[in-house]
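# Coordinate analysis (summary)
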Amino acid sequence: MDNQLLLQQFSQLPEKAKEEALLFLDFLMSKYQIKTPENEKRGGFGSCPGIKMSDDFDAELQDFKDYMPE
């Protein structure tokens, strides 16, 4: 495979597509158990930069209060 061609095509992608491509590369790196400083820095498989779960993620939702056992 021609690395130069890959870099050329990657550089032509819009920013959002580049982010998706990097996440897919992280997936492939973990699938083939290849460790690099880059995929370690981004958090590895299953993480998404910029997303943070709220502290009350597991809290009971008021919308479902009528359906919950007491």
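Cut-off values and rules
Residues numbered from 1 in each chain as written. Predicted model: local features only at pLDDT ≥ 70, side-chain atom pairs only at ≥ 80, totals over all residues. Heavy atoms only, no water. Helix = DSSP H or I, 4+ residues; strand = E, 2+ residues; numbered from the N terminus. Buried < 20%, exposed > 50% of the residue type's maximum accessible area, 1.4 Å probe, protein only. Areas by Shrake-Rupley, 256 points an atom, 1.4 Å probe, with all protein chains shown as cover. Salt bridge = Lys/Arg side-chain N within 4 Å of Asp/Glu carboxyl O. pLDDT = per-residue confidence, 0-100. Patch = residues over 30% accessible without salt bridge, like charges linked within 9 Å, V, L, I, M, F, W, Y side chains within 5 Å. Expected span 1.5 Å × (residues − 1).

## A word on the overall build of the protein
From N to C terminus, the protein includes three helices and zero strands. Evaluated residue by residue, the protein yields a buried proportion of 6% over its 70 residues. Total accessible area computed for the protein in this model is approximately 6800 Å², and 58% of it derives from carbon and sulfur atoms.

## Description of the pattern of salt bridges
Within the structure shown, the criterion is met by one salt bridge. The salt bridge involving Glu-15 is made with Lys-18; its shortest N-O contact spans 3.5 Å. Within this pair, Glu-15 and its partner Lys-18 are both found in helix H2 (residues 15-31), separated by three residues, close to a single helical turn. Looking at Lys-18, the relative accessible area reads 17%, which means it is buried.

## Thoughts on the confidence of the model for the protein
Low pLDDT marks stretches whose predicted atomic positions should not be read closely. Here the protein averages 80 in pLDDT, and 79% of its residues register 70 or above. Here helix H3 (residues 37-41) stands out as the least confident element of the protein, with mean pLDDT 57; helix H1 (residues 3-11) is the most confident, with 92.

## Considerations on a nonpolar patch on the surface
Nonpolar side chains collect at one region of the surface, where Leu-61, Phe-64, Tyr-67 and Met-68 lie side by side and expose about 480 Å² of accessible area between them. Secondary-structure assignment places Met-68 in the segment after H3. Met-68 gets classed as partly exposed once you look at its relative accessible area, which sits at 39%.

## A few points about H2
Taking 1.5 Å as the rise per residue, H2 with 17 residues should run 24 Å; its terminal C-alpha atoms sit 24 Å apart, in good agreement. Within two residues after H2, Gln-33 carries a phi angle of roughly 55°, on the positive side.

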